[in-house]
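Next come the chains, spelled out residue by residue.
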Amino acid sequence: GISKKDDTLVLQTECTYCTHIVKVDTKDYGLPQTRQRTYMFVWRPDDDDNVNDDLGEYWEAIVHHLKSPVRHSLESFILQPDHDIIRVFREALRGPNGRQTKRGVFLEPDFWTSANANLRHNKVAREKLGLDDMARSLTKWGPFGQKQCPPHYWMEYIDCLNQREMDLIEILHASAARDAETHDSNFASFFWNVSQNASKEKHRSACPGIAGCITPGGDFFLPHAGRPLLGCEKLLLQGIPYFRLALGNETEVQIGDLAGNAMSLTVVCATMLAAMSCKQLRIETQKTSHGNMKKVLSDNAGIAPRKKLITSDLINDAKLWRKSGWLCATSLFEKLASLAPDAVKSSIWCTCESSGRNTLGTKFLQCKVCRVSFCRGCINTTSGYQLESHDTAEKIITKEDHNLGSFQQKLRNLVPPSLVFDEAAIKAIAAIEKDRHRVLGLLEFTFTLHRIKRERKKWIIIYYARENNGVGEAVAEFRISVGELKREGIDNCSDEDVELGMRGELTSFFPARQPPLVYGALEPCCMITIHDGESSKLTQWMVKTSNTKTSLKLMGENPMDSERVETGLTDFSAESLVENAKKSHNAKSFGPAKQRGEERRWIYANWKNWPEKITISTVKDDSEEVSHLCGEYIRAKCRQTINQSAMWIKSGSKDDQKLYLLIKPCTNRIGPDTAIISTSISHADSSCVLATLPRNWQPCDALNPKNHTLTDVSTMNWVPLDVKCYFSVSNVEVASPEKSPDVLVTVKGLRKADVVMLCRNDGSSKNTVQLNVTQGQKAQQTVRVFNSLCVAPILKYAAGNGLKYDLSPESPWVDISPPAGVIFWMLRHNYTPTAN
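Definitions and limits used
- Residues numbered from 1 in each chain as written.
- Predicted model: local features only at pLDDT ≥ 70, side-chain atom pairs only at ≥ 80, totals over all residues.
- Heavy atoms only, no water.
- Helix = DSSP H or I, 4+ residues; strand = E, 2+ residues; numbered from the N terminus.
- Rg over C-alpha atoms; globule rule 2.2 N^0.38 Å.
- Buried < 20%, exposed > 50% of the residue type's maximum accessible area, 1.4 Å probe, protein only.
- Contact = heavy atoms within 4.5 Å.
- Areas by Shrake-Rupley, 256 points an atom, 1.4 Å probe, with all protein chains shown as cover.
- Salt bridge = Lys/Arg side-chain N within 4 Å of Asp/Glu carboxyl O.
- Pairing = 2+ DSSP bridges.
- Axes fitted to C-alpha atoms, helices over the stretch in contact; angles between N-to-C directions.
- Parallel < 35°, antiparallel > 145°, perpendicular 65-115°, else oblique.
- Left-handed = near helix turned anticlockwise from the far one by under 90°.
- Nonpolar A, V, L, I, M, F, W, Y, C, P; charged D, E, K, R; others polar.
- Core = buried A, V, L, I, M, F, W, Y, C linked by side-chain atoms within 4.5 Å.

Time to look at the overall build of the protein chain. Scanning the protein chain from terminus to terminus reveals 23 helices and 28 strands. In terms of C-alpha radius of gyration, the protein chain reaches 30 Å, essentially the compact-globule figure of 28 Å for 836 residues. Each principal axis of the C-alpha atoms in the protein chain carries an extent, and together these give about 85 × 85 × 70 Å. The buried share of the protein chain, taken over its 836 residues, is 47%. Taking contacts inside the protein chain between residues at least 6 apart in sequence as the whole, the part at least 24 apart equals 69%. In the form shown here, the protein chain has an accessible surface area of approximately 43,400 Å², with 52% of it arising from carbon and sulfur atoms.

Before going further, it helps to examine the pattern of salt bridges. Here the structure, examined in full by the defined rule, presents 37 salt bridges. The salt bridge partner of Arg-126 is Asp-167, with a shortest N-O separation of 2.5 Å. With Arg-126 in helix H4 (residues 119-129) and Asp-167 in helix H6 (residues 163-178), this pair connects stretches of sequence that are 41 residues apart. Side by side, Arg-126 and Asp-167 carry an identical accessibility label, which is buried. Between Asp-299 and Lys-295 there is a salt bridge, and its shortest N-O distance comes to 3.1 Å. Taken together, the residues span about one helical turn, with Asp-299 and Lys-295 both in helix H10 (residues 293-300) at a distance of four residues. Among the charged side chains, a salt-bridge network with shared partners connects Asp-46, Asp-53, Asp-54, Lys-279 and Arg-282.

A few words now on the sheet that holds strand E5 (residues 220-222). Spatially, three strands are ordered E4-E5-E6 in an open sheet, and the strand pairing comes out antiparallel. Looking at the sheet topology across the chains shown, the edges are occupied by strand E4 (192-193) and strand E6 (227-228). Pairing between E4 and E5: two bridges, direction antiparallel. Residue Asn-193 lies in a different strand from E5, and its bridge partner there is Phe-220.

The pairing of strands in a sheet comes from backbone hydrogen bonds and takes either a parallel or an antiparallel form. Across the sheet, three strands lie side by side as E9-E8-E11; this open sheet has antiparallel pairing. Two strands in the sheet have a free side with no partner beyond their single neighbour: strand E9 (373-375) and strand E11 (392-396). Across the sheet, the mean angle from the axis of one strand to that of its neighbour is 30°, orientation sign disregarded. Pairing geometry for strand E8 (residues 363-367) and E9, over three bridges, is antiparallel.

On to the pairing of strand E25 (residues 709-721). In terms of strand pairing, strand E18 (residues 541-561) meets E25 through ten bridges, oriented antiparallel. Among the inter-strand pairings, Lys-544 is bridged to a residue of E25, identified as Trp-718.

It is the contact of helix H1 (residues 55-65) with H10, at a shortest axis distance of 10 Å, that shows an interaxial angle of 45°. With respect to H10, the element H1 is oriented oblique. In the packing of H1 onto H10, the handedness of the crossing is right-handed. Each of Glu-57, Tyr-58, Ala-61, Ile-62 and His-65 in H1 lies in contact with H10, whose residues at this interface are Met-293, Leu-297 and Ser-298. Here the residues of the contact of H1 with H10 are counted per class, giving five nonpolar, two polar and one charged.

Another aspect to go through is the pairing of strand E23 (residues 674-678). Counting buried positions along E23 gives five out of five residues, so the element sits mostly inside the fold. Both faces of E23 are covered, namely the face carrying Thr-674, Ile-676 and Ser-678 and the face carrying Ala-675 and Ile-677. Note that E23 and strand E24 (residues 689-692) share three bridges and pair antiparallel. Within E24, the position partnered with Ile-677 by the bridge is Ala-691.

Position of Glu-563 relative to the elements: it lies in helix H18 (residues 563-567). Ignoring anything within four residues of it in the chain, the contact list for Glu-563 reads Ala-177, Thr-182, Trp-610 and Gln-644.

Moving on, we get to the nonpolar core. If you look at the biggest cluster of nonpolar residues, it comprises 87 residues, and the most contacted ones within it are Tyr-157, Ile-158, Ile-169, Phe-191, Phe-221, Leu-229 and Met-647. The leading source of residues in this core is H6, at seven residues. Ignoring any residue separated from it by four or fewer positions in sequence, one finds Phe-191 in contact with Leu-74, Glu-201, Ala-211, Gly-212, Ile-214, Phe-220, Phe-221, Leu-222 and Leu-229.

Treat this as a map of the structure, not an account of what it does.
This is the structure we're talking about:
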């Protein structure tokens, strides 16, 4: 018989062509997407009759050699919530087309009792999962558009989803909760295709942080972001530089289909490069005595040294400039702290404001416990956000106080374009435990302003230190928060008692760039906190040191439903996990995991009950750092706003602050969620964490006397350190000349090094240089240099003096009247096409 593996199909033609196929996956070539495809290499052998020519083997070797592991997860490829593309898309959802789709959805009767052919897929999926038929804890969807969603979902998008898609989201959310190592889809990164049937779509990919296959027509939902994946983001996941494409008026659907039908650019480049160089590889291999093509590749595949962008004299000029004209930033930080009350009022108070707009009203509802807030327009009883578990109070903010443009102008007037840390300070931080934070490499770096970001109850100012004289990859971040320093409940105090001010946090990225590598989110190594109304002379920089190990006893009382039970999971879900662990393909892994004490990553313990009250006490250590953690923690009733809806609160007093027992999510799902004790409700406030419980601890352990004592609790330690931070007095002068109608702004005072960096990609010898900002990779470099050098001074000038054209979001529309006798859109000349 014919062997497909060993036999070769030969077609008798005048010309002989050989073929070779290779299977590749996009995630092996630097892009976070699972896209398995087969590529065929077709060539004409040198000897026309040689159907067994081996050139394809060399081609395949090069293709495999060019594999590059993914460095950045899915979150690095999606746009920021306030990006212009996101804002325009959300406005379109609120516009006529979105409202028309919403009207059609709101006319649909009950999907669960209909004759819809897709209904059986949803019912079968729920049965196999062990999910109750009517369990809808996440969205509470119903007929005729009824739904109550988590407060971070885009309601304008959710209103356009039909009931089948809403039920699929419920099923996938419950599937994530069903896993023995559970993750809350509201806080962990997932990638769901809601256009797929429930019986086919999986709730998680095999590789955390990797997206599923981008397909044409696919409607992909990111539950932790509460929004869909846009067409431009699909192109980015294919490695296609969307922002350099000369696209026209393509719709969102057309761009998504374009991405779904495209091939991954990195894979195509690898196969083409292999095709161009495989002949040379064969020649080089035949010259060797060993004849090993892989060895030849490894010996000759060194990376060329990166070309220096500026000369040594310009580098010295930059260093001299760096050491002169700097002022201590402490007074700057004190001024930022004084802006905290205004920062809170002008910040995001509802999800509908997260993309750069303000709600039309002035009234908001805010939970007294978890501090989540909504505008009145997003809490409709038919379709809105979940409120039933929250104790809310009304908050009124005037439009003048809530004006994001005016407050952003205040920040632009105040923040400098660059910051630098004192050399002695960097060395002092590096001296702690043999540079455990790896900051010694930051000695020669200047932090330049990257962006000013509006968030919930605060504003964020981000500075990056970049390689390659400020235009390469970021190696460190200095993040300044202005507004609420930590999220606290106000059920026992007034809103004015919330801690306000500024906090600066320094984070080095070298642990994620140099071995031994650290995976996951990096925490700040150094911080300064100044409260509103507090003198900067009374504050100190704090540096994080090694954690201290201690023991605590956690005893629970009053069993109540766990998060899995509230989701709607039944006994069948737990039984199916046990049966799955016993199957042959899992038994080999489950046995060793059980011996290592990792049984909970496979099966449940007491999964039905969580304690309503947890009492924490010391075992041996009675130090002040540990004893203030002790007390009674009562579970909050808030749902969908805290990871796994798990928060136990220890009430504070005048002498003892309020504490929170939370479960901090592992957003990228590379490990289990971890319980922490913090002074803030938000698990994102890493500098507020006081203690971290062992990885395998779960709330149900507090109800089991055998698991009451925890011997591996880590308490966080911060020590004061004399750190100096400086900001530059810029010589850059910006003006907006009134007498030059074709000139918006002029920028003067750039250093020689700056001008060389800005114009290095232009080969013109003329005095006037037109910067290349649209063509190729060099254009991206030019734009990045321009952003680092000129954008901050221009925006600062615009905030303080204004431009001759009003470019603010609140600027009025101007009526442009055509000159007499001229019709808009009329050509001056009519060109008649001629035949060639």
